[in-house]
Amino acid sequence: MSESERIDFFKKSLELHRLYKGKIETVPKVPAGGRILFSLWYTPGVAEPAKVAASNPDEVFELTNRWNTVMIISDGTRVLGLGKLGPEGALPVMEGKALLFKYLGGVDAIPIVVRERDLEKLIYIVKTLEPSFGGVNLEDIESPKCFDLLERLRQELEIPVWHDDQQGTALVTIAGLINALKLVGKRLQDIRVAVIGAGAAGIAIIRYLIVAGVKPGNIIAVDSKGILYRDRPDLKSGDPRLKWKRWVAERTNEEGRTGGIPEAMKGADVVIGVSRPGPGVIKKEWVKLMNDNPIVFAEANPIPEIWPWEAKEAGAKVVATGRSDFPNQINNSLGFPAVFRGALTVRARKITDEMCIAAAYALASYAEKKGISEDYIIPTMDETEAYIEEAIAVAEKAIEQGVARRKPTKQELEEEIREMIMRPKKYLEIALREGLVKKAPI
Ligand code: NAD
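Let us look at the structure shown here. (Residues numbered from 1 in each chain as written. Predicted model: local features only at pLDDT ≥ 70, side-chain atom pairs only at ≥ 80, totals over all residues. Heavy atoms only, no water.)

In terms of helices and strands, the protein chain carries 18 helices and 10 strands. Here the C-alpha radius of gyration of the protein chain, 23 Å, is about what a compact globule of 442 residues would show, namely 22 Å. Over its C-alpha atoms, taken along the principal directions, the protein chain stretches across nearly 75 × 50 × 45 Å. A burial count over the protein chain gives 50% of its 442 residues as buried. The long-range share in the protein chain, meaning contacts at least 24 apart out of those at least 6 apart in sequence, stands at 71%. (Helix = DSSP H or I, 4+ residues; strand = E, 2+ residues; numbered from the N terminus. Rg over C-alpha atoms; globule rule 2.2 N^0.38 Å. Buried < 20%, exposed > 50% of the residue type's maximum accessible area, 1.4 Å probe, protein only. Contact = heavy atoms within 4.5 Å.)

Our next topic: the packing of helix α8 (residues 164-184) against helix α16 (residues 353-370). The contact between α8 and α16 brings their axes to 8 Å, and the two run at 45°. Classified by the angle between their axes, α8 and α16 sit oblique to one another. Remark: the crossing between α8 and α16 carries right-handed chirality. Here α8 contributes L171, I174, A175, I178, N179 and K182 to the contact with α16, which in turn contributes C356, A359, A360, Y361, L363, A364, A367 and E368. Grouping the constituent residues of the contact of α8 with α16 by class yields 11 nonpolar, one polar and two charged. (Axes fitted to C-alpha atoms, helices over the stretch in contact; angles between N-to-C directions. Parallel < 35°, antiparallel > 145°, perpendicular 65-115°, else oblique. Left-handed = near helix turned anticlockwise from the far one by under 90°. Nonpolar A, V, L, I, M, F, W, Y, C, P; charged D, E, K, R; others polar.)

Our next topic: the site of the ligand. By nearness alone, 23 residues border the ligand, and R78, A200, A201, I330 and N332 come closest of all. Between the ligand and the protein, one listed contact pairs an oxygen atom with a backbone N or O atom of N301 at 3.3 Å. Out of a free accessible area of 860 Å², the ligand has 82% covered by protein chains. Class assignment for the residues of the shell around the ligand results in nine nonpolar, nine polar and five charged. (Near = heavy atom within 4 Å. Polar contact = N/O pair within 3.5 Å; in protein donor to acceptor, adjacent residues only side chain to side chain. Areas by Shrake-Rupley, 256 points an atom, 1.4 Å probe, with all protein chains shown as cover.)

Once that is clear, we can look at a nonpolar patch on the surface. The grouping of I24, L99, Y103 and L428 at the surface amounts to a nonpolar patch, some 300 Å² of accessible area in total. By secondary structure assignment, the location of Y103 is in helix α5 (residues 86-105). (Patch = residues over 30% accessible without salt bridge, like charges linked within 9 Å, V, L, I, M, F, W, Y side chains within 5 Å. Salt bridge = Lys/Arg side-chain N within 4 Å of Asp/Glu carboxyl O.)

Of the two faces of strand β8 (residues 270-273), the one carrying V270 and I272 and the one carrying V271 and G273 are both buried. Here four bridges tie strand β5 (residues 193-196) to β8, and the two strands are oriented parallel to one another. Note on β8: the bridge partner recorded for A194 is V271. Bridging between β8 and strand β9 (residues 295-298) involves four bridges; their strand directions are parallel. Paired with I272 across the bridge in β9 is F297. (Pairing = 2+ DSSP bridges.)

Nonpolar side chains in soluble globular proteins generally cluster together in the buried interior. The biggest cluster of nonpolar side chains holds 112 residues, and the ones touching the most others in it are V136, L138, L171, L177, L209, I295 and F297. No other element matches the 10 residues that α8 contributes to this core. Not counting residues up to four positions away in its chain, the partners in contact with L209 are I174, L177, V193, V195, V214, I219 and I272. Counting residues in hydrophobic clusters, the runner-up holds 22 residues, among them I196, V271, V287 and A314. (Core = buried A, V, L, I, M, F, W, Y, C linked by side-chain atoms within 4.5 Å.)

Tallied over the entire structure, the rule returns 43 salt bridges. Its salt-bridge partner being E142, residue K145 comes within 3.3 Å of it at the nearest N-O pair. Exposure remark for K145: the relative accessible area of 12% places this residue in the buried category.

Moving on, we come to the layout of surface pockets. Size it by volume and the second largest pocket reaches roughly 200 Å³. As for the second largest pocket, its lining consists of 14 residues, and the residues nearest its centre are S324, Q329, P379, T380 and M381. (1 Å grid on protein atoms, 1.4 Å probe; cavity = no way out; pocket = protein on both sides within 12 Å on 5 of 7 lines; lining within 4 Å. Points joined across faces, edges and corners; volume = space filled by probe spheres on them.)

Okay, helix α6 (residues 119-129) next. For α6, every residue scored as buried is listed here: L122, I123 and V126. Projected onto a plane normal to the axis of α6, the buried residues spread over an arc of 100° and lie on a single side. Turning to α6, the residues buried within the fold contact β1 (69-74), β3 (135-138) and α7 (145-156). (Arc of directions from axis to C-beta.)

As for its placement among the helices and strands, A362 is situated in helix α16. According to the relative accessible area criterion, A362 is buried, its value standing at 10%. Taking the C-alpha atoms as reference points, A362 and E263, separated by 99 residues in sequence, lie 34 Å from one another. With sequence-adjacent residues up to four places away left out, A362 is seen in contact with E389, E390 and A393.

Okay, structure coming up:
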């Protein structure tokens, strides 16, 4: 995109937002109208389900839409790559996320932006809101606060909690990596991985790499101060904000390497960049230091750490980025809609790491069935069947791990999930046809 095309693109987005005045709305899902129906759905009839839910709280998942409703909560401290935009700046982004939740996963998501940044108060807010929701999606919250927030809420709530910048990125990265490794004939348990960037995305990717089978000692992480190693002075300082980086330093980098990005990439089979926009963060000559058939995932947005063509010129066999205009987009939207679809369908109490890895394998296997190549290691956003298979895999893993409140059969799961994923697409088709939603002037 040229500079003037870029300016026009952002202007268009603003124009469309002004025109539509919101990207989601509430619509009834029951027949309504007329005195009798209203008195059944609302007072006096609703007193009966109210009493049943009060005496048995799990019943609320059967009597209301709680089971399919996710809170998207943000304090606006790290909105996209734009920093601390605050709650108002965060709201258009959260609405966009809600649209993706609904359109791709059939999940009703409510954007909630709060004028509060304190960790303990955020925990309190989410916990008090828990009774209205089937799940929580933390969004655009700065690190390291996001780590503690996720960890505490995962422990303290009885509904799934998710932070897309962590788990979503890690899930889709692992899905791409599974297929990239097939193309070069390597196995997760044998590879050496350099992870450039040890923030929300980097630390979650390291955690999931380990759950997926990569040897922790074979991972080397780098942040803006260089390679993370056990005795690095800042990490030994006891600073509580560095707790999660210490967690990484204590488990990874068995050789105790020191230095920067080139030292971390030397001999690596895979480099995963989740650091800061490039180009030039990862250099061509450093790709040449890697093992044979190197895999380069340069995920920084909006510009990858190294341009894909540069990585290829330096010998990279498979290259992925975060962008839709290059092949192999590591796109979080391939993860959260289906993960929540699967988790909510079985009323899961948690989203475990294993459920995420199951989702990654389902995505990878969908692409493999279609035929993987250097330019197609992961499905794209419009491959609806990939979402259905992924959601089923998540639901089955939840049942297997004992975190599901419901245990439908495989066939029931498939029917229910397909129905929920197709529903908003059919709805929108009708709404567009009937003029209830105006066609976009683009
Ligand atoms: P973050 O701020 O939490 O972490 C960034 C990390 O990168 C920090 O550890 C920082 O020290 C490190 N870093 C910065 N400059 C560096 C350099 N020159 N060398 C080495 N390390 C450096 O941010 P985050 O949420 O983890 O996101 C990081 C990047 O990944 C962003 O560019 C973001 O857009 C991108 N990202 C992409 C996707 C995707 O495409 N699917 C998803 C999530 C994040």
